[in-house]
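# Analysis of the macromolecular model
One letter stands for each residue in the lines below.
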Amino acid sequence: MPRHGLARAVLGLSLLPGARLWTEAFLSPTLSPAAFLLRRALQRQVSQPGMAENGLARREKVLTLESLNPSVKKVEYAVRGPIVTRALELEKELQQGAKKPFTEVIRANIGDAQAMGQKPITFLRQVSALCMFPDLLKDPNFPEDAKEKARRLLAACGGHSIGAYSVSPGIELIRQDVAHFIERRDGGIPSRAENIFLSTGASDAIVTILKLLVSGEGRSRTGVMIPIPQYPLYSAALAELNAVQINYYLDEDKCWALDIGELRRALKDARQHCQPRALCIINPGNPTGQVQSRQHIEDVIRFAWEEQLFLLADEVYQDNVYAEGSQFHSFKKVLFEMGPKYSGSVELASFHSISKGFMGECGFRGGYMEVINMDPLVQQQLSKLISVRLCPPVTGQVLLDVVVNQPQPGDPSYQQFCQEKQAVLSSLAQKAQLTEETFNRAPGIRCNPVQGAMYAFPRVHLPPQAVQEAQALGQAPDMFFCLKLLEETGICVVPGSGFGQKEGTFHFRMTILPPLEKLKVVLQKMSQFHAKFTQEYSQLQLLGNSQKTAEKQGQ
């Protein structure tokens, strides 16, 4: 018997398990004793799943799906939901050489103008560049009015640098410029810088106001009225804050108009189970593209006054009005023109952003809110709350200032600025009309006029067989349709169920931002896909009906 085998046989009979391990280590023909013991330790660790890497008993995770804040689990944001995740996967597959029925993914799911090819406005970027790298102030290629604005803004920054923090509500000079902008917009109605709070886009300011409003438990829990269809920021924020979402439905048959009777119905129903405290209006509308008339705005203000509701006016698309006869009216302007009965008591927060309009500067994350008739003690709490986040991005604040303080006649940049601004807005108006007309020529698709904003929200007919198949898969029918559209055409849009819609209706939201020629192709492909989808599932329905008839006859 070989030496090692004999030793193992003899020693193995008498040694305890621990001693036996040391003997095996010593007699190992290929490994040193230390290496052998290390290997056995690792093997034991793998074979004992309850052990952590340090050899101690493995502990349960502190944060698990079960221990997660339940309000977070309720949050949904359709604009960047599962369909967008799939679109990103398809993009990677195309990059890796996968064969698809399309050559690119067109993400028409979100209002990101520059991602869709819109060129930045020159003057906005010139001032931003000068503030970012002040050495460029010596460059003769930059116009003097851009340099003057940059010097003025840098002088208002700590250390003359946009790399410094600002005060929490935003740089004082910029808030003053915002106030002057609002005064010009509203025909001279006063605006005060102390009521202006700069923000990280409008979304951040909206959520901040909702935080102030939400309180209570049970039937005293805060309820917030939001339009349906709505921008999913609202439903997501209310879910996170554990507030009650009160739906009021816009009238699709009247171009998504707001109806006071529907507001009263929603409020009456809500008071059975919560405490309604606020009313949100999106004007121009997202996702529906309507522009509310002055009369509707007056009706809303009276309603808020009668029912003691705090008004939130989301006005980020105020520059995006296209339809003939449509006009943007700010809630603040209408409120003050209705007289002191309303202007002295209705509480209002209005919001604007540099992400939309003609600017499309989404990535800079700049915006503001103005508060009207807020209790001074509450406004102190608002100031405290925003101070926790230190300050909005100063780069966004700077760009916001250029938006509200644009070149004037006689300035070197005035003519080019006006030409670029008008080109963007004219193009959007043309694309809004094209989108409406193209969809309305397609059987089974109905699209209201895109009066404003950046989106169409067409209603689509889906065959019963498609609805049944979607439900069998646990999907909303319009999600099923949009996923099929994405897989076959590469076009990514958002199902209407992500925004809310009346039971039994199906929609999708798409941007009108792609370049005109690409948009024409997109609209044509979507119309053709819907026709093909409808035909296929209608034939399946007929086949199913024929089989049922044959089975009955056979019986």
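Note: the structure precedes this text.
So, here is what we can say about the structure in this document. (Residues numbered from 1 in each chain as written. Predicted model: local features only at pLDDT ≥ 70, side-chain atom pairs only at ≥ 80, totals over all residues. Heavy atoms only, no water.)

What follows is about the sheet that holds strand E10 (residues 455-456). A sheet is described by the order of its strands in space; here three strands give the open sequence E10-E14-E13, paired in antiparallel fashion. Across the chains shown, the open sheet's two edge strands, defined by having one partner strand only, are E10 and strand E13 (494-495). (Pairing = 2+ DSSP bridges. Helix = DSSP H or I, 4+ residues; strand = E, 2+ residues; numbered from the N terminus.)

Read from one edge of the open sheet, seven strands run E2-E8-E7-E6-E5-E3-E4, paired in mixed fashion. A single partner strand is all that each edge strand has here, and the edge strands are strand E2 (196-199) and strand E4 (244-249). For this sheet, the mean angle separating the axes of adjacent strands, direction not counted, is 25°. Alignment of strand E3 (residues 222-228) against strand E5 (residues 275-282), held across four bridges, turns out to be parallel. In the strand pairing of E5, Met225 is matched with Leu279. (Axes fitted to C-alpha atoms, helices over the stretch in contact; angles between N-to-C directions.)

As a further point, take the environment of Glu144. Residue position: Glu144 is located in helix H7 (residues 144-155). For the pair Glu144 and Pro412, spaced 268 residues apart in the sequence, the C-alpha separation amounts to 7.1 Å. In this structure the side chain of Glu144 is engaged in a polar contact, spanning 3.2 Å, whose partner is the side chain of Arg151. (Polar contact = N/O pair within 3.5 Å; in protein donor to acceptor, adjacent residues only side chain to side chain.)

Counted by the stated rule, this structure contains 14 aromatic pairs. Seen in terms of ring centroids, Phe481 and Phe508 are 6.3 Å apart; in terms of plane orientation they differ by 25°. Their pairing is stacked. Of this pair, Phe481 sits in helix H19 (residues 477-489) while Phe508 sits in strand E14 (residues 508-511), and the two are 27 residues apart along the sequence. Just as Phe481 is buried, Phe508 falls in that class too. Among the aromatic residues, those joined into a cluster by ring pairs are Phe439, Phe480, Phe481, Phe508, Phe529, Phe533 and Tyr537. (Phe/Tyr/Trp six-rings, centres within 6.5 Å; stacked < 30°, edge-to-face > 60°. Buried < 20%, exposed > 50% of the residue type's maximum accessible area, 1.4 Å probe, protein only.)

Under the counting rule described, the total for this entry stands at one cavity of 30 Å³ or more. Taken as a whole, the largest cavity holds about 60 Å³ of empty space. In terms of lining residues, the largest cavity is bounded by 13 residues, among which Pro227, Leu250, Ile282, Gln290 and Gln292 are the most central. A breakdown of the residues in the lining of the largest cavity according to their chemical character gives eight nonpolar, five polar and no charged. (1 Å grid on protein atoms, 1.4 Å probe; cavity = no way out; pocket = protein on both sides within 12 Å on 5 of 7 lines; lining within 4 Å. Points joined across faces, edges and corners; volume = space filled by probe spheres on them. Nonpolar A, V, L, I, M, F, W, Y, C, P; charged D, E, K, R; others polar.)

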